[in-house]
Amino acid sequence: MPRQVDHVGRRRLIAEAVCQLADERGLEGVTLRDVAARAQVSMGAVQRCFRTKEEMLVFALGHIGEQIMERVQARLVRSPAQSAGTALGHAVTEISLLREEHRAEARVWLAFVAQAAVSEALARTLKANYATLQEAFTRLIAEAGEDADDADDAGRQGARREARTLLALADGLTTHVLIGHLTPREAYEVLHAHLADLWERSTSSIPPGVEDPRPAGPASDGTSAIRRARG
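For clarity, every value in this text was computed on a predicted model and none was experimentally measured.

### A look at the confidence of the model for the chain
Model confidence for the chain is summarised by a mean pLDDT of 83, while 79% of its residues fall at 70 or above. Confidence scores differ between elements of the chain, with helix H10 (residues 224-230) showing the lowest mean pLDDT of 44 and helix H2 (residues 32-39) the highest of 95. Scored below 50 in pLDDT, residues 204-208 shows 13 contacts in the model against residues more than four places distant or in partner chains. Segment residues 213-225: pLDDT under 50, and 45 contacts once partners within four positions in sequence are set aside and those in other chains are kept.

### Observations regarding the nonpolar core
If you look at the biggest cluster of nonpolar residues, it comprises 59 residues, and the most contacted ones within it are Ile14, Val18, Leu88, Phe112 and Phe137. Take this core: its biggest share by element is nine residues, from helix H7 (residues 120-145). Beyond its immediate stretch of four places on either side in the chain, Phe112 contacts Val18, Leu27, Leu57, Ala60, Leu61, Ile64, Leu122 and Leu126.

### A short note on the environment of Gly145
In this fold, Gly145 is placed in helix H7. C-alpha separation for the pair Gly145 and Ala84, spaced 61 residues apart in sequence, amounts to 9.0 Å.

### What to know about the pattern of salt bridges
Applying the stated criterion across every chain yields a total of nine salt bridges. Here Asp23 makes a salt bridge to Arg107, at a shortest N to O gap of 2.5 Å. Separated by 84 residues along the polypeptide, Asp23 in helix H1 (residues 7-25) and Arg107 in helix H6 (residues 103-116) bring together distant segments of the chain. For Asp23, a relative accessible area of 25% translates into the label partly exposed. We note a salt bridge from Glu94 to Arg71, for which the minimum N-O separation is 2.7 Å. Taken together, the positions of Glu94 in helix H5 (residues 84-96) and Arg71 in helix H4 (residues 53-78) put the pair 23 residues apart, joining distant regions of the chain.

### Side note on unusual backbone geometry
Phi at Gln40 takes a positive value of approximately 60°, unusual for a residue other than glycine. With respect to the helices and strands, Gln40 occurs in the loop between H2 and helix H3 (43-49). Notably, Leu97 is not glycine yet its phi reads approximately 55°, a positive angle. Secondary-structure assignment places Leu97 in the loop between H5 and H6.

### Concerning the packing of aromatic side chains
Evaluation of the coordinates by the stated rule reveals one aromatic pair. Seen in terms of ring centroids, Phe50 and Phe59 are 5.5 Å apart; in terms of plane orientation they differ by 50°. Their pairing is tilted. The partly exposed category is assigned to Phe59, whose relative accessible area is 23%. Over the aromatic face of Phe59 sits the side chain of Arg11, whose NZ or CZ is 4.4 Å from the ring centroid.

### Focus on the side chain of Gln134
Turning to its location among the elements, Gln134 is positioned in helix H7. The contact partners of Gln134, leaving out residues within four places of it in the chain, are Arg160, Ala163, Arg164 and Leu167.

### Things to note about H1
Under the 1.5 Å per step criterion, the end-to-end length of H1 is 27 Å for 19 residues, consistent within 8% with the ideal 27 Å. Buried residues of H1: Ile14, Ala15, Ala17, Val18, Cys19, Leu21 and Ala22, and no others. By the N-cap criterion, in which a side-chain oxygen at the helix start approaches the backbone nitrogen of a residue two or three places on, H1 is capped by Asp6, the distance to Val8 being 3.4 Å. The first or second residue beyond H1 is Gly26, which carries a positive phi of 80°.

Procedures and definitions
Residues numbered from 1 in each chain as written. Predicted model: local features only at pLDDT ≥ 70, side-chain atom pairs only at ≥ 80, totals over all residues. Heavy atoms only, no water. pLDDT = per-residue confidence, 0-100. Helix = DSSP H or I, 4+ residues; strand = E, 2+ residues; numbered from the N terminus. Contact = heavy atoms within 4.5 Å. Core = buried A, V, L, I, M, F, W, Y, C linked by side-chain atoms within 4.5 Å. Buried < 20%, exposed > 50% of the residue type's maximum accessible area, 1.4 Å probe, protein only. Salt bridge = Lys/Arg side-chain N within 4 Å of Asp/Glu carboxyl O. Phe/Tyr/Trp six-rings, centres within 6.5 Å; stacked < 30°, edge-to-face > 60°. Lys NZ or Arg CZ within 6 Å of the ring centre and 35° of its normal. Expected span 1.5 Å × (residues − 1). Polar contact = N/O pair within 3.5 Å; in protein donor to acceptor, adjacent residues only side chain to side chain.

If you want it as structure tokens, here you go:
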């Protein structure tokens, strides 16, 4: 009887191999042969899962995004009663990848961002991910400042603008910490100050809710709105 192959599991195994190699040598050093060797599968197995290298890279990028979202949602399950402001703080800290244990993930993420500048397929995936996060952040900012369902057009536009700013700040902090321009603690302080200023401008009742990203701290989280935005 033919052996059953777990294609979903194999694709994830290959994606992990891609990420490990990208962390070590950048995406330009990722070949199908090396991926097969790292994943301990045959070249044929890799080619049956992915028709092209680009298709493999797109899947690996999605795999990284799923891992980050799983961490965000795991914290939400542990703290279901948190406010929108606190959820936003946890979520933006998580996607900034400031913690030491997420440093390899940050290197791989930025390698994909750089490659997306010359790969339309990767760029489409990244733009979709950013759009999802922007909508989630917009909803949380609106909820933290007022009733999101009652917000007028100006309020929604303002929340969307703040969401874009916060998303860009999170991405920038990832880079600054990775190259050593800022320490994780300094990046945390920048993020904390920005959110404190945001809440001061929108409401006086919502605390910043950003966590210290140093290893001793608990894992970060965020967001009921992320699940709504993804749905």
